[in-house]
Amino acid sequence: QKEVEQNSGPLSVPEGAIASLNCTYSDRVSQSFFWYRQYSGKSPELIMSIYSNGDKEDGRFTAQLNKASQYVSLLIRDSQPSDSATYLCAVNQGGSYIPTFGRGTSLIVHP
Amino acid sequence: GAGVSQTPSNKVTEKGKYVELRCDPISGHTALYWYRQSLGQGPEFLIYFQGTGAADDSGLPNDRFFAVRPEGSVSTLKIQRTERGDSAVYLCASSPSGGSSYEQYFGPGTRLTVT
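Positions within a chain are numbered from 1, following the residues in the order the chain's sequence is written. A letter from A marks each chain and a number from 1 marks each ligand, given out in the order of writing. For this predicted model, a pLDDT threshold of at least 70 governs which residues receive local features, and a threshold of 80 or more governs which side-chain atom pairs are given and counted, while totals over whole chains, interfaces and linings are taken from all residues. Only hydrogens and water are set aside; all other atoms, that is, all heavy atoms of the structure, feed into the side-chain values.

Asks: So what's going on with the overall build of chain A? Which residues, and what values?
Replies: A run of H or I in DSSP counts as a helix once it spans at least four residues, and a run of E counts as a strand once it spans at least two, with each numbered from the N terminus. For chain A, the helix and strand inventory stands at zero helices and eleven strands. What you see in chain A, going N to C, is helices and strands ordered as β-β-β-β-β-β-β-β-β-β-β. C-alpha atoms of chain A, sized along the principal axes, occupy 40 × 30 × 20 Å. A buried classification covers 44% of the 111 residues belonging to chain A. Restricting the contact set of chain A to residue pairs at least 6 apart, pairs at least 24 apart contribute 55%. Only protein chains enter the accessibility calculation, which uses a 1.4 Å probe; a residue whose area is less than 20% of its type maximum is buried, one above 50% is exposed, and one in between is partly exposed. Residues count as neighbours in contact if any of their non-hydrogen atoms are within 4.5 Å of one another.

Shown next as structure tokens:
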């Protein structure tokens, strides 16, 4: 069974710190990787996509992909209380059109 | 432009009743997905449409669940003989087709409560 694993948290960081969120996946033949942010009571919102090994930066967010080790991570620099949410990792494993979602990591940024 | 819309936002129904949930995707998006999400879990795949056809319905839990997309745009998820275990948030997402980009854009969801 193709799995995407995330630590459910909560991960608690002080305002201004770097938050590091991690995700591992089981299928080596995976092409597309996504991070979604989900505020409580709201639907997931796409924040980052990454398709090749290495880092991809977008503002305060950096996605890191390591296909050899089968993990993808999300770094949030200068964390703000408004970043407090659940972060979902999604992987299109085996080239499938159907993404597999992790259960999400809850992030709390405290002032 | 307009995002994905879903109606109703909330639906309370009695066990055994029939419900329909509607999704209107982003204009021009040919791929449409239905998920359901329970508290503390990630979205669970139900069905994927490419155009008018159901390309993958392997996530539908049983034959009480059915979905259509007759004109390749709006989709309706239909649940017959609802059970309390069907209570969840039902999410719809759309995606542009082609290439390796499977980025999905979610609607606000329909919270279904079966009493």
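Asks: So, the side chain of B:Gln104: which residues are in play, and what are the values?
Replies: Mapping B:Gln104 onto the fold places it in the loop between strand 9 (88-95) and strand 10 (105-106). Owing to a relative accessible area of 1%, B:Gln104 belongs among the buried residues under this scheme. Pairing of N or O atoms within 3.5 Å defines a polar contact, subject to two protein rules: one partner must be a possible hydrogen donor and the other a possible acceptor, and residues neighboring in sequence count only if both atoms are side-chain atoms. Separated by 2.8 Å, the side chains of B:Gln104 and B:Tyr35 make a polar contact. Those residues in contact with B:Gln104 that lie beyond four places of it in its chain are A:Tyr36, A:Leu46, A:Tyr97, A:Pro99, B:Tyr33, B:Tyr35, B:Ala93, B:Ser94 and B:Ser95.

Asks: Run through the sheet that holds strand 1 (residues 5-7) of chain B, naming residues and quoting values.
Replies: Residues and elements named next belong to chain B. We treat two strands as partners when DSSP finds at least two bridges between them. Spatial ordering of the open sheet is given by 1-3-8-7, a layout of four strands whose pairing is antiparallel. Of all strands in the sheet, those bounded by a partner on one side alone are strand 1 and strand 7 (65-68). Strand-to-strand twist across the sheet, computed as the mean angle between neighbouring axes with direction ignored, equals 15°. Two strands pair when backbone bridges link them, and strand 3 (residues 19-24) and strand 8 (residues 75-79) are joined in this way by five bridges, in the antiparallel orientation. Across the sheet, Glu20 pairs through a bridge with Lys78, a residue of strand 8. Orientation is described by axes fitted as lines to C-alpha atoms, over the contacting stretch for helices, and by angles from 0 to 180 degrees between their N-to-C directions.

Asks: Could you give an account of the interface of chain A and chain B, naming the residues involved and the relevant values?
Replies: On the chain B side, the residues contacting the 19 residues of chain A number 20 residues. For the pair chain A and chain B, the summed buried surface comes to about 1600 Å²; carbon and sulfur atoms form 59% of the total. Salt bridges are counted wherever a side-chain nitrogen of Lys or Arg sits within 4 Å of a carboxyl oxygen of Asp or Glu. Where chain A packs against chain B, one counts zero salt bridges. In this structure, the connection of chain A to chain B is made through six residue pairs in polar contact (both at pLDDT 80 or more). In terms of residue count, strand 4 (residues 30-38) of chain A provides more of the side of chain A that touches chain B than any other element does, four residues in total. Residue polarity follows a fixed list, in which Ala, Val, Leu, Ile, Met, Phe, Trp, Tyr, Cys and Pro are nonpolar, Asp, Glu, Lys and Arg are charged, and the others, Gly among them, are polar. Here the residues of the side of chain A that touches chain B sort into ten nonpolar, eight polar and one charged. By definition, the buried area sums, over both parts, the 1.4 Å-probe accessible area that each loses when the two are put together.

Asks: I'd love a proper account of the state of the cysteines, names of residues and values included.
Replies: The disulfide definition used here is simple: a pair of cysteine sulfur atoms within 2.5 Å. With the rule as written, the count across this model stands at two disulfides over all chains. Here A:Cys23 pairs with A:Cys89 through a disulfide, and the sulfurs are 2.1 Å apart. Since a negative S-S torsion denotes a left-handed disulfide, the A:Cys23-A:Cys89 link at about -70° is left-handed. Placement of the pair is A:Cys23 in strand 3 (residues 19-25) and A:Cys89 in strand 9 (residues 85-93), with a sequence separation of 66 residues. The class of A:Cys23 is buried, set by a relative accessible area of 1%. By relative accessible area, A:Cys89 is classed as buried at 0%. Covalent S-S linkage joins B:Cys23 and B:Cys92, the inter-sulfur distance amounting to 1.8 Å. Residues B:Cys23 and B:Cys92 are joined by a disulfide whose S-S torsion is about -60°; by sign, that bridge is left-handed. You can see B:Cys23 sitting in strand 3 and its partner B:Cys92 sitting in strand 9, a full 69 residues away along the chain. For B:Cys23, a relative accessible area of 0% puts it in the buried group.

Asks: If you had to explain the pattern of salt bridges to someone new, which residues and values would you point to?
Replies: All chains considered together, the criterion is met by six salt bridges over all chains. Put simply, A:Arg77 and A:Glu57 hold a salt bridge, and the shortest N to O gap is 3.4 Å. Of this pair, A:Arg77 sits in the loop between strand 8 (71-76) and strand 9 while A:Glu57 sits in strand 6 (residues 54-58); the two residues are 20 residues apart in sequence, bridging distant segments of the chain. Linked by salt bridges that have partners in common, B:Arg64, B:Glu83 and B:Asp86 make up one network.

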